[in-house]
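Chain residues, written in single-letter form:
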Amino acid sequence: MSFLEIDDLRPERVQRVIDRAIALKSGSVAVPRLLAGQGVALLFEKPSARTRTSTEMAVFSLGGHPIYLRGEEVGLDTRETVEDVTRVLAGYCALIAARTFAHSTLERMVSISNVPVVNLLSDMAHPCQVLADLITMKQHFGDLEGRRIAYIGDGNNVAASLALGCAYTGVEIVVASPDGYQLQEEVVDRVRNIGGNLGLTTEPYEAVRDADVLYTDVWTSMGQEEETAVRRVAFAGFGIDDDLLGAAPDHAIVLHCLPAHRGEEISASVLEGPRSKVWEQAANRMDAFRSLAIELFDDEFRNGKVPSNG
Ligand code: CP
Ligand code: NVA
C-alpha cells in the first residue's frame, strides 16, 4: 500500500508506527533486515536535507539500497512521462519515495505503480514529517491523547498533515494564520469528518494560551519563492518569539519541521532555547521512516507479495 497522506493509514496503524518508532529508537525492538538486497528509489523535485538523509539512512539500516534521483535528471514529463518513470523504477525497487511539486504527480505514480509509493512532501502534504512530530511529542510527554498544539503560520502542506495526524491521535490543534493563508477548506472538512478537534483563528496569542506544543513552519514554501516579499508582510506578527512563548503554559515545547528562518517564523532565542525540541524532532525522521517502511511492507507480506527487485 502507498502512503501519500496520514489518513491513507487507519488511526490504529498510525499509532503503531509511532510506538514502533519509539521502540526502534530505544533499542527495545531490533531493526529488521527487511529490505535486504532491495532497492528504494528516492526521487526529489525539490531540495532536502533532513528527508533525503533520514530516508537514505533508514533504508540502509533496513538492509536496502537507497537510490537518490533528481526530478530534472529523470525528466519527469519532459524526458518521459511520470507513469513511464514510475513503471521503470518499480522494476528495480521495492519502494518508490518521492518529493514533488504537485501532489497529483504522486497520485499518478500510485495509479501505475506495483510497489508502494511514499510521499516525501508535496504541495499538499508532508506526512512523514508529521509522524516524526507525533513521535517527538509522545517521547516528550509520554502520551498524545488530549494534548494541544498551537500551529502558528501558513496553513500549508505541513499544517494539513499535522491536522490530520492530530485527529488520528486525539490531539487538539488550533491553527493561527493570517486571513488568506488558513488551512484549505477541504482539509478542514476532512479533519472534522474523522472527528478531529480543530480550531482556526487569526490570533496567535489566543492559540497558544492552553497549548502543550507551539509549532511553526516557513512562511514561504518551496515553489512559492516569488511570493516571499508579500508573505513577509502578511505573516508579520505570526512568528514564535519569546513574548508569544511567554503567553503559553510553562511546560509548552516548541517544534519546527525546519529549515528555519530566524527572525521570521521563529526567533533565534526560541529556536536555540531550552524549550525547543527541533533537533530531536529532526532526528526522529529516521525512525519514523523505518517504522513506516515496516508497516507498509507488513501489508505487502500479508498480501502474499514480497518486495521485488526485478
Ligand atoms: N523538514 C524537512 O522535510 O526538511 P527537508 O526539506 O530538509 O527534507
Ligand atoms: N512547507 C515547507 C516545508 C519544508 C520541509 C515547504 O513545503 O517548503
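Residues numbered from 1 in each chain as written. Chains lettered and ligands numbered in written order. Predicted model: local features only at pLDDT ≥ 70, side-chain atom pairs only at ≥ 80, totals over all residues. Heavy atoms only, no water.

1. As for the site of ligand 1
Right, on to step 1. In the vicinity of ligand 1, the contacting residues are Ser48, Ala49, Arg50, Thr51, Arg99, His126, Gln129, Cys257, Leu258 and Arg285.
Right, on to step 2. In the model, an oxygen atom of ligand 1 is placed 2.6 Å from a nitrogen or oxygen of the Thr51 side chain.
Right, on to step 3. Relative to its free-state accessible area of 250 Å², ligand 1 is covered by the protein chains to the extent of 95%.
Right, on to step 4. Judged by the fraction of its atoms near the pocket grid, ligand 1 is located in the largest pocket. (Near = heavy atom within 4 Å. Polar contact = N/O pair within 3.5 Å; in protein donor to acceptor, adjacent residues only side chain to side chain. Areas by Shrake-Rupley, 256 points an atom, 1.4 Å probe, with all protein chains shown as cover. 1 Å grid on protein atoms, 1.4 Å probe; cavity = no way out; pocket = protein on both sides within 12 Å on 5 of 7 lines; lining within 4 Å. Sits in = over half its atoms within 2 Å of the grid points.)

2. Side note on the sheet that holds strand β2 (residues 65-70)
Right, on to step 1. Reading across from one edge, β2-β1-β3-β4 is the order of the four strands in this open sheet, with parallel pairing throughout. Each having just a single partner strand, β2 and β4 (117-119) make up the two edges of the open sheet. Averaged over all pairs of adjacent strands, the angle between strand axes in this sheet comes to 20 degrees, irrespective of strand direction.
Right, on to step 2. The strands touched by helix α4 (residues 82-92) are β1 (39-44), β2 and β3 (93-99); relative to β3, the strand with the most contacts, the crossing angle is about 140 degrees. (Pairing = 2+ DSSP bridges. Helix = DSSP H or I, 4+ residues; strand = E, 2+ residues; numbered from the N terminus. Axes fitted to C-alpha atoms, helices over the stretch in contact; angles between N-to-C directions. Contact = heavy atoms within 4.5 Å.)

3. A few points about the pairing of strand β5 (residues 148-152)
On any regular strand, side chains alternate: one points to one face of the sheet, the next to the other face.
Right, on to step 1. When you tally the buried positions in β5, you get four out of five residues, the bulk of the element.
Right, on to step 2. Bridge analysis of β5 against strand β6 (residues 172-176) gives five bridges, and the strand direction is parallel. Across the sheet, the residue bridging to Ala150 is Val174, located in β6.
Right, on to step 3. A crossover links β5 with its parallel partner β6, the connecting element being helix α7 (residues 157-169), and its sense is right-handed.
Right, on to step 4. Here β5 pairs with strand β8 (residues 213-216) via three bridges, running parallel. In the sheet register, Ala150 faces β8, and the bridge partner there is Leu214. (Buried < 20%, exposed > 50% of the residue type's maximum accessible area, 1.4 Å probe, protein only. Right-handed = clockwise from strand over helix to strand, strands pointing away.)

4. What to know about the environment of Asp143
Right, on to step 1. Of note, Asp143 is situated in the loop between α6 (127-141) and β5.
Right, on to step 2. Separated by 26 residues in sequence, Asp143 and Thr169 have C-alpha atoms that sit 9.6 Å apart.
Right, on to step 3. Ignoring anything within four residues of it in the chain, the contact list for Asp143 reads Met137 and Lys138.
Right, on to step 4. In terms of polar contacts, Asp143 uses its side chain to reach the side chain of Arg147, at 2.7 Å.

5. Concerning the site of ligand 2
Right, on to step 1. Every residue near ligand 2 is listed here: Leu121, Asn156, Asn157, Val158, Asp217, Val218, Ser221, Met222 and Leu258.
Right, on to step 2. Met222 places a main-chain nitrogen or oxygen 2.8 Å from an oxygen atom of ligand 2.
Right, on to step 3. In this structure, ligand 2 is accommodated by the largest pocket.
Right, on to step 4. In terms of residue class, the shell around ligand 2 is made up of five nonpolar, three polar and one charged. (Nonpolar A, V, L, I, M, F, W, Y, C, P; charged D, E, K, R; others polar.)

6. Points about the pattern of salt bridges
Right, on to step 1. Evaluation of the coordinates by the stated rule reveals 21 salt bridges.
Right, on to step 2. One salt bridge connects Arg108 with Glu83, and the closest N-O pair in it is separated by 2.8 Å. Linking Arg108 in helix α5 (residues 103-112) with Glu83 in helix α4, this pair joins segments that are 25 residues apart in sequence.
Right, on to step 3. Salt bridges linked by common partners bring Arg13, Arg16, Arg20 and Glu295 together as one network. (Salt bridge = Lys/Arg side-chain N within 4 Å of Asp/Glu carboxyl O.)

Shape is all these values report; function is a separate question.
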